Amino acid sequence: MAVYLFLALGVVLVLCVCTALLRWNEVRYMKKGLPPGTMGWPVVGETTEFLKQGPNFMKNQSARYGSFFKSHILGCPTIVSMDPEVNRYILMNEAKGLVPGYPQSMLDILGECNIAAVHGASHKHLRGALLSLVSPTMIRDQLLPKIDRFMRSHLACWDDGSIIDLQDKTKQMALLMQIGIDSSSISQEFIPEFFKLVLGTLSLPIDLPGTNYRRGFQARKNILGMLRKLIEERRASREAHNDMLGGLMRSDDNKYKLNDEEIIDQIITIMYSGYETVSTTSMMAVKYLHDNPSVLHELRKEHLGIRAKKRPEDPIEWEDLKAMRFTRAVIFETSRLATVVNGVLRKTTKDMELNGFLIPKGWRIYVYTREINYNPRLYPDTLAFNPWRWLDKSVECHNYNLIFGGGTRQCPGKELGIAEISTFLHYFVTRYRWEEIGGDKLMKFPRVEAPNGLHIRVSPQC
Ligand code: HEM
């Protein structure tokens, strides 16, 4: 009997402590004018629920508190905005004090000079430098021929009868393409370090042996060493290199001259930003094509039409890329349904009024854009994979298409990413047919991924 009494007292005590902690955390962040919402537990807030339930957490909270609510996720008091108008306003008004607010681990590992860590004049300068590397002229004259060469060899011999993990293949492909440095010697040591770096940016900034953060930070140091050495070698040889590093190092006629630290951080940022977005979208495009034979038929028709006008050894050129209208639509529809970037993070540089509420200085704002992609008014029959909807150009240009972000931070690599995925699809669907082995699990949150790979068997296209 006494045991039961103790147990009951224990349970009551635990409940009291939990309630007190939750209440204390609510009171701590209670400020006049803040939007409604809950702050969860001290320190961790509602991070566990957010990561576990993903889009459902957002749906539940917005059902209770509306599309603009407060929470505590990823270590910070955060306002979640799911309102299309407000989201657009936030992205268009960085100058009013709504600057990028990415987690500390990301800033530490991608570097202080990375484009997402700076704002104002510095951002303008770095962005100018990046845009000059990925402009339409650069894509046409320099990048596309390289992408074509790369894809031809990367996609060779996939039909040798073995089972292929498509996720692995598209990851390798995107990483090697983003590295884009004319040096095979650097890529070999670089790849494992880069994977550690990526994991580190997605971890809590706990600098202890064995943590992903510590490994990621160490990987950054190793990558810095490799890139510094490469820069020195290139300066000493005076040989011109037509790659991204070469473009950033060119000092004559370059109005966006950067110092070495800035160059290195931009190279790391370009790889980081292009790697997962391009690999995951490529993998998911193949998945949706497999599940939607009529879309595959239309896409293949487009690519066989382009090939028919060429010899087998002729590369994909700018005009061919422009003619890939349906392919572009497939890429947008894939990105809509398998949203790789669920939202972007901002933080307030001062106390400010937003959407009728008062947001304190230093709070994060999670501009959650994923929900817009599933809005039935913008995309009727919203869950259907229907690339034809994107053939109406106004759909790509409408104000709430934030797949590539918006405002002054809109993705500078958008057209490059589309060129890479289009070229991949070109060689994949004109060379091969494929079937899924089946049974592979796919996750869409917090990252779009196949936790155990996406296995396919490839045969030649007759
Ligand atoms: C399917 C492919 C891609 C998608 C969906 C995508 C998406 C995005 C989004 C949503 C943003 C906005 C981030 C923000 O507002 O904070 C962004 C920014 C950025 N992206 Fe991409 N991206 C893609 C490919 C690429 C590629 C290939 C590159 C390489 C050049 C790249 C480089 C960048 C950079 C450097 C930024 C930061 C821009 C700034 O802060 O001004 N992205 N991207």
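What counts and what doesn't
Residues numbered from 1 in each chain as written. Predicted model: local features only at pLDDT ≥ 70, side-chain atom pairs only at ≥ 80, totals over all residues. Heavy atoms only, no water. Helix = DSSP H or I, 4+ residues; strand = E, 2+ residues; numbered from the N terminus. Rg over C-alpha atoms; globule rule 2.2 N^0.38 Å. Buried < 20%, exposed > 50% of the residue type's maximum accessible area, 1.4 Å probe, protein only. Contact = heavy atoms within 4.5 Å. Areas by Shrake-Rupley, 256 points an atom, 1.4 Å probe, with all protein chains shown as cover. Pairing = 2+ DSSP bridges. Axes fitted to C-alpha atoms, helices over the stretch in contact; angles between N-to-C directions. Patch = residues over 30% accessible without salt bridge, like charges linked within 9 Å, V, L, I, M, F, W, Y side chains within 5 Å. Salt bridge = Lys/Arg side-chain N within 4 Å of Asp/Glu carboxyl O. Donors = N, O, S within 2.8 Å, 3.2 Å for Na, K, Ca; no water. Phe/Tyr/Trp six-rings, centres within 6.5 Å; stacked < 30°, edge-to-face > 60°. Lys NZ or Arg CZ within 6 Å of the ring centre and 35° of its normal. Near = heavy atom within 4 Å. Polar contact = N/O pair within 3.5 Å; in protein donor to acceptor, adjacent residues only side chain to side chain. Nonpolar A, V, L, I, M, F, W, Y, C, P; charged D, E, K, R; others polar.

A.B. asks: Can you lay out the overall build of the chain for me, pointing to particular residues and giving the numbers?
C.D. replies: Secondary structure summary: the chain contains 17 helices and ten strands in total. Relative to the globule expectation of 23 Å for 462 residues, the C-alpha radius of gyration of the chain, 24 Å, shows essentially globular dimensions. Each principal axis of the C-alpha distribution contributes one length, and for the chain these read about 85 × 55 × 45 Å. Taken across its 462 residues, the chain has 50% of its residues classed as buried. For the chain, the proportion of contacts with a sequence separation of at least 24, taken over those separated by at least 6, is 70%. If you sum the accessible surface of the chain, you get close to 22,200 Å²; carbon and sulfur atoms cover 58% of it.

A.B. asks: If you had to explain the sheet that holds strand 10 (residues 455-460) to someone new, which residues and values would you point to?
C.D. replies: Spatially, three strands are ordered 4-10-9 in an open sheet, and the strand pairing comes out antiparallel. Sheet topology places strand 4 (163-165) and strand 9 (432-436) at the edges, where each strand pairs with a single neighbour. The sheet shows a mean angle of 40° between the axes of neighbouring strands, taken without regard to direction. Across five bridges, strand 9 lies against strand 10 in antiparallel orientation. Its bridge partner being in strand 10, Y432 is matched across the sheet by P460.

A.B. asks: Please provide a residue-by-residue account of the pairing of strand 5 (residues 343-348), values included.
C.D. replies: Where burial is concerned, most of strand 5 is hidden: five out of the six residues are buried. Here strand 3 (residues 98-100) pairs with strand 5 via three bridges, running antiparallel. Across the sheet, V99 pairs through a bridge with K347, a residue of strand 5. Relative to strand 8 (residues 364-368), strand 5 is paired through five bridges, and the arrangement is antiparallel. Bridge assignment links L345 to a residue of strand 8, and that residue is Y366.

A.B. asks: Kindly report on a nonpolar patch on the surface, identifying the contributing residues and their values.
C.D. replies: Together, V3, Y4 and L7 give the surface a local cluster of nonpolar side chains, amounting to about 370 Å² of exposed area. Its place among the elements puts V3 in helix 1 (residues 2-28). Residue class for V3 comes out exposed when judged on its relative accessible area of 58%.

A.B. asks: Can you lay out the coordination of the iron atom of the ligand for me, pointing to particular residues and giving the numbers?
C.D. replies: In this structure the iron atom of the ligand is ligated by exactly one protein donor, C411 (SG), at 2.3 Å. Of note, C411 is situated in the loop between helix 16 (393-397) and helix 17 (414-431).

A.B. asks: Give a description of the packing of aromatic side chains that names residues and reports values.
C.D. replies: Under the definition given, this model contains 20 aromatic pairs. Between Y213 and F217, the aromatic rings sit 6.1 Å apart at their centres with planes inclined by 20°, giving stacked as the arrangement. On the criterion of helical spacing, the pair formed by Y213 and F217 is a turn pair, its members being four residues apart in helix 10 (residues 212-237). Both rings, one in F326 and one in W388, keep their centres 5.0 Å apart while their planes meet at 55°; by these two values the pair is tilted. On the criterion of sequence distance, the pair formed by F326 in helix 15 (residues 325-337) and W388 in the loop between strand 8 and helix 16 is long-range, its members being 62 residues apart. Taking the relative accessible area as the measure of exposure, F326 reaches 4% and is therefore buried. Overall, the relative accessible area of 36% leaves W388 in the partly exposed class. One aromatic cluster is present, built from ring pairs that chain together F50, F57, Y366, Y368 and F445. Over the face of the ring belonging to Y379 we find R336, whose NZ or CZ atom lies 4.9 Å from the ring centre.

A.B. asks: Lay out the site of the ligand with the relevant residues and their values.
C.D. replies: Lining the immediate environment of the ligand, one finds 23 residues, of which Y102, H123, R127, R346 and C411 sit closest. A distance of 2.8 Å separates an oxygen atom of the ligand from a polar atom in the side chain of R127. Measuring from an oxygen atom of the ligand, one finds a side-chain N or O atom of R409 at 3.0 Å. Every element with two or more residues in the shell around the ligand is listed here: helix 6 (121-133), helix 12 (260-291) and strand 5. Sort the elements by how many residues they give to the shell around the ligand and helix 12 lands first, with six residues. Class assignment of the residues belonging to the shell around the ligand gives a composition of eleven nonpolar, nine polar and three charged.

A.B. asks: Give a description of the side chain of H72 that names residues and reports values.
C.D. replies: Here H72 shows up in strand 1 (residues 68-73). Not counting the four nearest positions on each side in its chain, H72 is found in contact with Y29, T38, M39, V43, V44, G45, E46, T47, P77 and T78.

A.B. asks: Talk me through the sheet that holds strand 3; I want residue IDs and the actual numbers.
C.D. replies: What links the strands of a sheet is backbone hydrogen bonding, and the strands pair in either a parallel or an antiparallel sense. The mixed open sheet is built from five strands, whose spatial order is 1-2-8-5-3. Single-partner strands in this sheet number two, and they are strand 1 and strand 3. The average angle at which neighbouring strand axes cross in this sheet is 35°, direction not considered. The sheet contact formed by strand 2 (residues 76-81) and strand 8 spans four bridges and is parallel. Counterpart to S81 in the pairing with strand 8 is V367. Most of the contacts of helix 3 (residues 55-65) go to strand 1, to which it runs at about 135°, and overall it touches strand 1, strand 2 and strand 8. Of the strands in this sheet, strand 1, strand 2, strand 3, strand 5 and strand 8 touch helix 4 (residues 84-92), which is tilted by about 120° from strand 8.

A.B. asks: Which residues make up the environment of H154, and what values go with them?
C.D. replies: Take H154: it is sitting in helix 7 (residues 136-154). By relative accessible area, which is 12% here, H154 ends up buried. Considered as a pair, H154 and T423 are 269 residues apart in the sequence and their alpha carbons are 11 Å apart. Once residues lying within four places of it in the same chain are set aside, the contact partners of H154 are K169, Q172 and M173. A polar contact is formed between the side chain of H154 and the backbone oxygen of K169, at a distance of 3.1 Å.

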